[in-house]
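# Notes for the structure review
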Amino acid sequence: RAKKTDEKSVRKTKLSGKLKGLIKKKKMTNRLRDLNEALPEILVIDLLYLIIGEIVIFLLFENPAKFAVGFLAGVIYAIFCVLNMSFKVRKVVYGKANPKKSYLLGYLLRLTVMIAIFAILYLCDIGDLLAALVGMFIMKLSAYLQPAALRISSKILRKGGKECGEHGCDLDDLNDSL
């Protein structure tokens, strides 16, 4: 009996660990939505672009390593820019920061990071600059595709036929269904 009780407690611990993981994911999504309503969909689009782009690179090029590293650097830079801009907008809107100063400093930071990425890729000869530039295009592409991604994610996250709102489904309802 002691072994059966131990096995049950181990199963419960594993199950509670999985639920905690789901709750953490929910909290992260809520944090992203608090920062910017469109951020979760934009990041999903960016990651899909990265995965598809890397697959295409590995299928099309004989020596794909340099292209893959450049593309990865470009997509990471795009994700950094999206997060940085979201923080700056939130700081200006809710933090009552000086808009001109905040946006200018954000722009200079993003420009400096972009130049540093290009310099590292070029000087260390570890990545292709054109592939990095193509990776950076996801910033614009994801902004255009976000409304479509929101509609798709809203359909996926529907609960019992209940329509999701303009800004997506309430994740508390999703958590209740789990």
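As a reminder, the structure under discussion sits directly above these lines.
Described below are features of the structure shown in this document. (Residues numbered from 1 in each chain as written. Predicted model: local features only at pLDDT ≥ 70, side-chain atom pairs only at ≥ 80, totals over all residues. Heavy atoms only, no water.)

Attention now goes to helix α3 (residues 65–95). Helical geometry note: an α-helix holds 3.6 residues per turn, so side chains three or four residues apart project in the same direction. Here α3 contains 31 residues, and its C-alpha end-to-end distance of 43 Å stays within 8% of the 45 Å for a straight helix at 1.5 Å per residue. Of the residues flanking the end of α3, it is Lys96, one or two places downstream, whose phi is positive at about 55°. (Helix = DSSP H or I, 4+ residues; strand = E, 2+ residues; numbered from the N terminus. Expected span 1.5 Å × (residues − 1).)

Turning to the pattern of salt bridges, a few remarks are in order. The final tally for this structure, using the stated rule, is 1 salt bridge. Across the pair Asp125 and Lys66 runs a salt bridge, and its minimum N-O distance is 2.5 Å. You can see Asp125 sitting in the loop between α4 (99–123) and α5 (129–136) and its partner Lys66 sitting in helix α3, a full 59 residues away along the chain. Judged by its relative accessible area of 34%, Lys66 is partly exposed. (Salt bridge = Lys/Arg side-chain N within 4 Å of Asp/Glu carboxyl O. Buried < 20%, exposed > 50% of the residue type's maximum accessible area, 1.4 Å probe, protein only.)

Here the focus is α4. Helix length check: α4 (25 residues) gives 36 Å between terminal C-alpha atoms against 36 Å at 1.5 Å per residue, within 8%. Of all the residues in α4, the buried ones are Ser102, Gly106, Arg110, Ile117 and Leu121. Residues of α4 that are buried in the fold lie against α3 and α5. For α4, the side-chain oxygen to backbone nitrogen distance between the N-cap and Lys100 is 3.3 Å, and the N-cap itself is Asn98. One or two steps after α4, the chain reaches Asp125, where phi turns positive at roughly 50°. (Contact = heavy atoms within 4.5 Å. Polar contact = N/O pair within 3.5 Å; in protein donor to acceptor, adjacent residues only side chain to side chain.)

Let us now look at the nonpolar core. Here is a general trend for soluble globular proteins: nonpolar side chains tend to be buried in one another's company. By size, the foremost hydrophobic cluster in this structure holds 12 residues: Ala38, Leu39, Ile42, Leu43, Leu50, Ile57, Ala68, Phe71, Val75, Ile79, Val82 and Ala131. Breaking this core down by element, the ones donating at least two residues are α2 (39–60) and α3. Look past the residues within four positions of Ala68 in its chain and what remains in contact with it is Glu54, Ile57 and Phe58. Membership of the second largest hydrophobic core comes to 7 residues, among which are Tyr77, Cys81, Ala132 and Met136. (Core = buried A, V, L, I, M, F, W, Y, C linked by side-chain atoms within 4.5 Å.)

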